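So the chains spell out like this:
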Amino acid sequence: MIKPLNDYLLLEKTPSEKKVGSIVLTTEKKSGNVATVVAVGPGKKDEKGNLIAINLKAGDKVVYREYSGTDVEEDGKKYILIKDEDILATIE
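Residues numbered from 1 in each chain as written. Predicted model: local features only at pLDDT ≥ 70, side-chain atom pairs only at ≥ 80, totals over all residues. Heavy atoms only, no water.

(A) Up close: the environment of Asp46. In this fold, Asp46 is placed in the loop between β5 (44–45) and β6 (51–52). Given a relative accessible area of 25%, Asp46 falls into the partly exposed group. Within the structure, the side chain of Asp46 is placed 3.1 Å from the backbone nitrogen of Lys48, a separation counted as a polar contact. (Helix = DSSP H or I, 4+ residues; strand = E, 2+ residues; numbered from the N terminus. Buried < 20%, exposed > 50% of the residue type's maximum accessible area, 1.4 Å probe, protein only. Polar contact = N/O pair within 3.5 Å; in protein donor to acceptor, adjacent residues only side chain to side chain.)

Dropping the structure here:
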């Protein structure tokens, strides 16, 4: 399992494909920046050494900044490793 460090999060991109019978439909217009949080790092420390925790948890759906993060793959699944500051919003 990939475990993020500092103020990084591990995201799993929300699938943009829907299978209808043997036909695969893709909705790849502009919904490509939505993902689910898989793991959260502990946070980062400020100048005084106090830990600033990340206000997200596993299972949260988020919108992240386009062209940010690093793509990683483990056990055939694709993830994005991204800094906390590149998360723009949560989806409820």
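(B) Molecular detail of the side chain of Ser68. Note that Ser68 resides in the loop between β7 (61–64) and β8 (70–74). At 2.6 Å, the side chain of Ser68 forms a polar contact with the backbone oxygen of Arg65.

(C) Up close: the layout of surface pockets. Considering only enclosed or pocket space, the largest pocket measures out at about 220 Å³ in volume. What lines the largest pocket is simply Glu12, Lys13, Tyr64, Tyr67, Ser68, Asp71, Val72, Glu73, Lys77, Lys78, Tyr79 and Ile80. Residue assignment for the lining of the largest pocket shows that the elements contributing at least two residues are β1 (8–13), β8 and β9 (77–83). Residue contributions to the lining of the largest pocket peak at four residues, all from β9. Class assignment for the residues of the lining of the largest pocket results in five nonpolar, one polar and six charged. (1 Å grid on protein atoms, 1.4 Å probe; cavity = no way out; pocket = protein on both sides within 12 Å on 5 of 7 lines; lining within 4 Å. Points joined across faces, edges and corners; volume = space filled by probe spheres on them. Nonpolar A, V, L, I, M, F, W, Y, C, P; charged D, E, K, R; others polar.)

(D) Up close: the nonpolar core. Within the largest apolar cluster, 11 residues are counted, these being Leu9, Leu11, Ala35, Val37, Ile54, Leu56, Val62, Tyr64, Ile80, Ile82 and Ile87. In contact with Leu9, not counting residues within four places along its chain, are Pro4, Val37, Ala39, Val40, Ile54, Leu56, Ile80, Leu81, Ile82, Lys83, Asp84 and Ile87. (Core = buried A, V, L, I, M, F, W, Y, C linked by side-chain atoms within 4.5 Å. Contact = heavy atoms within 4.5 Å.)

(E) Broad picture of unusual backbone geometry. At Tyr67, a residue that is not glycine, the phi angle is positive and equals roughly 65 degrees. The residue Tyr67 is located in the loop between β7 and β8 in this model. On the basis of relative accessibility, which here comes to 79%, the residue Tyr67 falls in the exposed class.

(F) Region of the structure containing the environment of Glu92. Mapped onto the elements of the fold, Glu92 is located in the segment after β10 (87–91). On the basis of relative accessible area, Glu92 is assigned to the exposed category, the value being 96%. The sequence separation of Glu92 and Asp60 amounts to 32 residues, and the corresponding C-alpha distance is 8.2 Å.

(G) Fine view of the sheet that holds β9. Pairing is antiparallel in the open sheet, where six strands are placed in the order β8-β9-β1-β4-β7-β10. Where the open sheet ends on each side, the last strands, each with one partner, are β8 and β10. Sheet twist, expressed as the average angle between the axes of neighbouring strands with direction ignored, equals 45 degrees. Here β7 pairs with β10 via four bridges, running antiparallel. Looking at the pairing, Val63 lines up with Ala89 of β10. (Pairing = 2+ DSSP bridges. Axes fitted to C-alpha atoms, helices over the stretch in contact; angles between N-to-C directions.)

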